Amino acid sequence: MCNKEFNVSIEAIMREAVKYDNNDIRRINHFLKVYTYAKMIGEGEKLQPDEQYILETAAILHDIGIHESERKYNSCAGSYQEIEGPGIAGDILTGLGVDERIIDRVRFLVGHHHTYAGVDGKDYQILIEADFFVNADEDKMSLDAVKNFYDKIFRTETGKKLFSDMYF
């Protein structure tokens, strides 16, 4: 997305994330897949342009704290990603010259993408759903586990329809 409203393209953010995840092809492929699902669900939900831009940016950067979590805690657990990711995401976006309002929301989303209570916006909800689609496949989750998560977490009509098309 390269919209005149936003001074930094999604492609530029993606390039910085690839550079940050240097040689970690698995993690790069993960965020590219989450980005694709998030973009598709966000467009299906007809988000406003700024909300879509924030969602796409957060989808790219949602796991940016993994390397630091592994270094500091010897773990890539979601709770550690939520601690380490927002600062790194903020630094990347600040370095690119992204507007502070957008950075604040992206940092929030990166810092909460494994927290399923208190979801406070469609961008947050969609990020959770998009990440789940990819994690379910990558983690080889059972169909029962996938359905259970769907019943508890999925809220968007586009995400529900996509889930139904994929699993039923």
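Moving on, we come to the overall build of the protein. If you tally the helices and strands in the protein, you get nine helices and zero strands. For the protein, the N- to C-terminal ordering of α and β elements is α-α-α-α-α-α-α-α-α. The C-alpha atoms of the protein give a radius of gyration of 15 Å, which matches the 15 Å a tight globule of 168 residues would have. The principal-axis extent of the C-alpha atoms belonging to the protein is close to 45 × 40 × 30 Å. Here the protein holds 168 residues, and 49% of them are scored as buried. Look at the contacts in the protein between residues 6 or more apart in sequence, and 63% of them connect residues 24 or more apart. Accessible surface for the protein amounts to roughly 8300 Å². Of this, 50% is attributable to carbon and sulfur atoms. Looking at the protein, you have 20 positive and 30 negative side-chain charges, and the mean spots of the two groups are 2 Å apart.

So, on to helix α5 (residues 78–96). The end-to-end C-alpha distance of α5 is 26 Å, a good match for the 27 Å that 19 residues give at a rise of 1.5 Å each. Residue glycine 85 marks the point of greatest curvature in α5, where the axis turns by about 35 degrees; the proline proline 86 follows within four residues. Turning to α5, its buried residues are Gly78, Gln81, Glu82, Glu84, Gly85, Pro86, Ile88, Ala89, Gly90, Ile92 and Leu93. Of the residues flanking the end of α5, it is glycine 97, one or two places downstream, whose phi is positive at about 90 degrees.

Reading the values: the criteria
Residues numbered from 1 in each chain as written. Predicted model: local features only at pLDDT ≥ 70, side-chain atom pairs only at ≥ 80, totals over all residues. Heavy atoms only, no water. Helix = DSSP H or I, 4+ residues; strand = E, 2+ residues; numbered from the N terminus. Rg over C-alpha atoms; globule rule 2.2 N^0.38 Å. Buried < 20%, exposed > 50% of the residue type's maximum accessible area, 1.4 Å probe, protein only. Contact = heavy atoms within 4.5 Å. Areas by Shrake-Rupley, 256 points an atom, 1.4 Å probe, with all protein chains shown as cover. Lys, Arg positive; Asp, Glu negative; His and termini not counted. Charge placed at Lys NZ, Arg CZ, Asp CG, Glu CD. Expected span 1.5 Å × (residues − 1). Bend = angle between axes of the 7 residues up to and from the residue.

The values are spatial; any link to function lies outside them.
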